[in-house]
Every structure is written in structure tokens, then in C-alpha cells.
Amino acid sequence: MRVVMSVDIEGATGVVSNKETSEGAFDYERARRYLTHDVNAAIEGAVEGGATRIVLHDTHGLNYRSILLEELNPAAEVVRGTPILFFEDLRPEFDACFLVAAHSSPGTPGVLSHLYTSAFREVRVNGVPVGEGQVTAAMAGQLGIPTVLVTGDDVVAREMRSVIPEIEVAEVKRAIHRYAAACLPLEKTGPLIRAAAKRAVQKARQVRPFTYRGPADVELDLHNPYYAAAIARLVPGVSAKGWATLHYRASDAMDVYRFLTLGLYLVSSPLLPNW
């Protein structure tokens, strides 16, 4: 049983603030320890469940390396570098996917909810609002890999259960609003994650892969209407819809990811005025 993990940081034990998620911020180094703790618990549970190979993707930020390599359980390999967005070079050789320290979609009351960037107000695929968890699971699902575990707050747990009812969840905190949560201590979240990961591996072959079958209509709402107009003019196949919405017809889940990633790069460009 081979397991691939996509690892973020906003859903880690105790993390509730941007001061914990940005490189150089006051509590970032402490949050890295919390994250590595959660990852190690997922690795331990996966091994107990029968995993023979574990590869995790350190995916928070375009140029961050959040997992503490010196503290990582040696049962896992790690993909790190620039950029790692959900995955890098994902292949269909894995049997199960974990989402560790995940967060909910933009506009929800989940802790630090967003998709890629605060410039994205909402993203819909076939009319349904989505977050990073659904997009990541869909990418794995296109390769036949079922997503069987999510760790994070109660909001992302509900989101992922809505598309993958069989998914195992480890709720390490209960969201109060975007910047506050009732957090379980590390001593409790470790066993919680480990037990969920073990169950997830043991049931992986019974979970159907989730993906977007093409063509899929993607709508991207931006906060800045100039961004929408500029991108619609410049990118073939993308059209403006309404005041600040982009529309794209994606061929499959990987194409959804490519469109959103292109949107991230473009709205992050210093050539586009921020007004």
C-alpha cells in the first residue's frame, strides 16, 4: 500500500493566525513544529495500517519548506522545492492520498479559509464552490488514487465528507470563525490523527476516487475587477463573466488545476495594478 500526502499548514494543530503561516512571521517556527507533529502522526498511522511507501509533498507557499526535515519520521520521503502546489510530479503509482493540515474553501467560516490566495473570492466547478481539498482530491482521483484522509478543522472535514462520504477525518480544532478555533492539544491530536490514518489505509481499496470529469465549467470570482478584465483579454479560452468573474471550460481535473494556478501567477504579478 503506497500513500501520497499533500501537506498544508493552516489545518495543523493549534494554527489559527497568519502570524503562524508566513515565513519570517512571529510564530511560524512554532507552527512548523505543530505541522511536523501532525505529519508524523499520519505517517505512524499509515505504517500501522499497512503502508509500505509514503511520499509527502510539502505544499504550503510557493517557496516555503514548512516540514522540519530533521524531525520527520524516517518512514516517509518528502517532495520539497519551488513551487509545490498540492503536488509536484504526481504519478498513478499510489494507492491512497492523505490531505494533512488542510483548510476549507474561501468564504467559509473555517480557520484561515482560502484557495491559493486572498485575491480569489470564490471558485466554482460546475456551479459548486470548491476549496483546495476538493481540487487536490480531484487531481489524485484523475490518476485513480482515492483520497482517504483529511486532517484539519471541522469545516474542512464537512467539506471533504460532502464529496467523499467514506473519507476518514481527524478534527484537530473546531472553527469559531476564520481567525479563532477551539484547539485540541498536541497530546490528543497525535493519537487522533494516527488512528484515523490507520483506518484510512485499511479501507483505501473500498473508497472510490473523486475527480472532475471533463468538460468542467470553472468560474473564478476575483476581488479586483481589473484582474478579471486583464486576464480575460490575455488568456485564450478564458472569458469575463459579470463584474469580476472569469469562466474557463476545463477538459479534466488537471486542467482545472492548471487554470487556477495560472490565475494565481497572474494576480500575483507586479505588472497588474492593485486597486
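Heads up: the structure comes first, above all this text.
Here the residue numbering is sequential within each chain, running from 1 through the sequence in written order. Only residues with pLDDT of 70 or above have their local features reported here, since the model is predicted, and side-chain atom pairs are shown and tallied only from 80 upward, although totals for entire chains, interfaces and linings are computed over all residues. In computing side-chain properties, one takes all heavy atoms of the structure into account and sets aside hydrogens as well as water.

With that settled, consider the nonpolar core. Residues belong to one nonpolar core when they are buried, are Ala, Val, Leu, Ile, Met, Phe, Trp, Tyr or Cys, and are joined through side-chain atoms within 4.5 Å. In this scheme, a residue with accessible area under 20% of its type's maximum is buried, one over 50% is exposed, and one in between is partly exposed, where area comes from a 1.4 Å probe on protein chains only. Core analysis: the largest hydrophobic core is formed by 98 residues, its most contacted members being Met5 and Phe98. Throughout, a residue-residue contact means that at least one pair of heavy atoms, one from each residue, lies within 4.5 Å. Discounting residues that sit within four places of it in the chain, phenylalanine 98 has contacts with Val3, Val4, Met5, Ser6, Ala42, Ala46, Val148, Leu149, Ala197, Ala200 and Val201.

Here, strands pair whenever DSSP counts at least two bridges between them. Runs of H or I in DSSP of at least four residues are treated as helices and runs of E of at least two as strands, each being numbered from the N terminus. The mixed open sheet is built from seven strands, whose spatial order is E3-E2-E1-E4-E7-E8-E9. What marks the edges here is a single partner per strand, and that holds for strand E3 (76-79) and strand E9 (180-183). Averaged over neighbouring strand pairs, the angle between their axes works out to 25 degrees when direction is ignored. In this structure, strand E8 (residues 168-177) lies alongside E9, joined through four bridges in antiparallel fashion. Residue pairing for E9: histidine 177 is matched across the bridge by alanine 180. Axis geometry follows a simple rule: fit a line to the C-alpha atoms, using only the stretch in contact for helices, then measure angles between N-to-C directions, giving values from 0 to 180 degrees. Lying on the sheet, helix H4 (residues 186-203) is in contact with strand E1 (2-7), strand E4 (96-102), strand E7 (147-153) and E8; it crosses E8 at an angle near 135 degrees.

Computed from the structure, the largest pocket encloses a volume of approximately 730 Å³. Every residue lining the largest pocket is counted, 32 residues in all, and those nearest its centre are Glu10, His60, His114, Tyr116 and Thr117. Secondary structure elements with two or more residues in the lining of the largest pocket: E1, E4, helix H2 (132-142) and helix H6 (253-267). Residues that form the lining of the largest pocket fall into these classes: 13 nonpolar, 15 polar and four charged. The way it works is a 1 Å grid over only the protein atoms, where trapped points that fit a 1.4 Å probe form a cavity and open points with protein on both sides within 12 Å along at least five of seven lines form a pocket, and then any residue with an atom within 4 Å of a point lines it. Grid points are joined across faces, edges and corners, and a volume is the space filled by probe spheres set on the points. Each residue gets one of three labels, nonpolar for Ala, Val, Leu, Ile, Met, Phe, Trp, Tyr, Cys and Pro, charged for Asp, Glu, Lys and Arg, and polar for the others, Gly among them.

Before going further, it helps to examine the environment of valine 150. For valine 150, the location among the structural elements is in strand E7. Valine 150 gets classed as buried once you look at its relative accessible area, which sits at 1%. The spatial distance from the C-alpha of valine 150 to the C-alpha of alanine 196 is 8.9 Å, given a sequence separation of 46 residues. Leave out the neighbours within four places in its chain, and valine 150 touches Leu99, Ala102, Val156, Ala157, Met160, Ile167, Glu168, Val169 and Ala170.

This is a description of form; function is not addressed.
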